[in-house]
Amino acid sequence: MKLLILNGPNLNMLGVREKHLYGAQTYEDLKRYILEKAGELNIDVELYQSNHEGDLVDKIQSAYGEKDGVVINPAAYTHTSVAILDALKAVNLPAAEVHLTDITKREAFRQISYAGMACQAHFMGLGFEGYGKAMEWMKDHIEKAE
Ligand code: DQA
């Protein structure tokens, strides 16, 4: 099973940015966590982070015919990007949305998730564990569909 795991803008600043919200662990720590979990679940993971919307769109498109699913934390683009929503719809792969924080309990402008409209599962407010849960969900979901 091959998964694309995408992280959007400013997630490379984990460990530096707003630690009271996102914690003290770094993006390197997150990568380590995801790759270790992938090993346990026997999932082949491609990890990608970008601060640029078009790069994320390109990466989602590149998953078409190549990956079995997409796990995405679009970060701030969650709340603005119809392009990422459309890309997820275009490739039509199983998709799971992850947020470190619970966006439903934050500012009004974070209440809408465009990308989330193309996702079948949502994990928020669980920190790094949200990615682990998304990978477990994906494995289960894809195996059931086979
Ligand atoms: C985030 C939540 C977003 O609202 C914010 O813009 C982020 C991170 C999260 O993981 O909690 O950059 O996606």
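Above this text you will find the structure in question.
Here the structure is a predicted model, which means the values were calculated and not measured.

Visitor: Describe the overall build of the protein, with residues and values.
Guide: The helix and strand inventory of the protein stands at 5 helices and 5 strands. The N-to-C order of helical and strand elements in the protein reads β-α-α-β-α-β-α-β-β-α. Taking 146 residues into account, the globule formula puts the C-alpha radius of gyration at 15 Å, and the protein, at 14 Å, falls close to it. The buried share of the protein, taken over its 146 residues, is 49%. Partitioning the intrachain contacts of the protein with sequence separation of at least 6 by distance along the chain shows that 76% fall at a separation of at least 24. As displayed, the protein offers around 7200 Å² of accessible surface, 48% of which is attributable to carbon and sulfur atoms. Averaging the locations of the 15 positively and 21 negatively charged side chains of the protein gives two centres separated by 4 Å.

Visitor: Before we move on, could you go through the side chain of Thr101 and cite the residues and values that matter?
Guide: Following the sequence through the fold, Thr101 ends up in the loop between β4 (95-99) and β5 (121-124). Taking relative accessible area as the criterion, Thr101 reaches 10% and is therefore assigned buried. Of note is the side chain of Thr101, whose polar atom sits 3.0 Å from the side chain of Arg106. Aside from chain neighbours lying at most four places away, what touches Thr101 is Leu21, Tyr22, Arg106, Met124 and Gly125.

Visitor: Go over the pairing of β4 with me, naming the residues and quoting the values.
Guide: Counting buried positions along β4 gives 5 out of 5 residues, so the element sits mostly inside the fold. Every second residue of β4 is oriented toward a common face, with Ala95, Glu97 and His99 on one face and Ala96 and Val98 on the other, all of them buried. Examined bridge by bridge, strand β3 (residues 69-73) and β4 share 3 bridges and lie parallel to one another. Bridging across to β4, Val71 finds its partner in Ala96. Read from β3 through helix α4 (residues 82-91) to β4, the crossover connection turns out right-handed.

Conventions and cut-offs
Residues numbered from 1 in each chain as written. Predicted model: local features only at pLDDT ≥ 70, side-chain atom pairs only at ≥ 80, totals over all residues. Heavy atoms only, no water. Helix = DSSP H or I, 4+ residues; strand = E, 2+ residues; numbered from the N terminus. Rg over C-alpha atoms; globule rule 2.2 N^0.38 Å. Buried < 20%, exposed > 50% of the residue type's maximum accessible area, 1.4 Å probe, protein only. Contact = heavy atoms within 4.5 Å. Areas by Shrake-Rupley, 256 points an atom, 1.4 Å probe, with all protein chains shown as cover. Lys, Arg positive; Asp, Glu negative; His and termini not counted. Charge placed at Lys NZ, Arg CZ, Asp CG, Glu CD. Polar contact = N/O pair within 3.5 Å; in protein donor to acceptor, adjacent residues only side chain to side chain. Pairing = 2+ DSSP bridges. Right-handed = clockwise from strand over helix to strand, strands pointing away.

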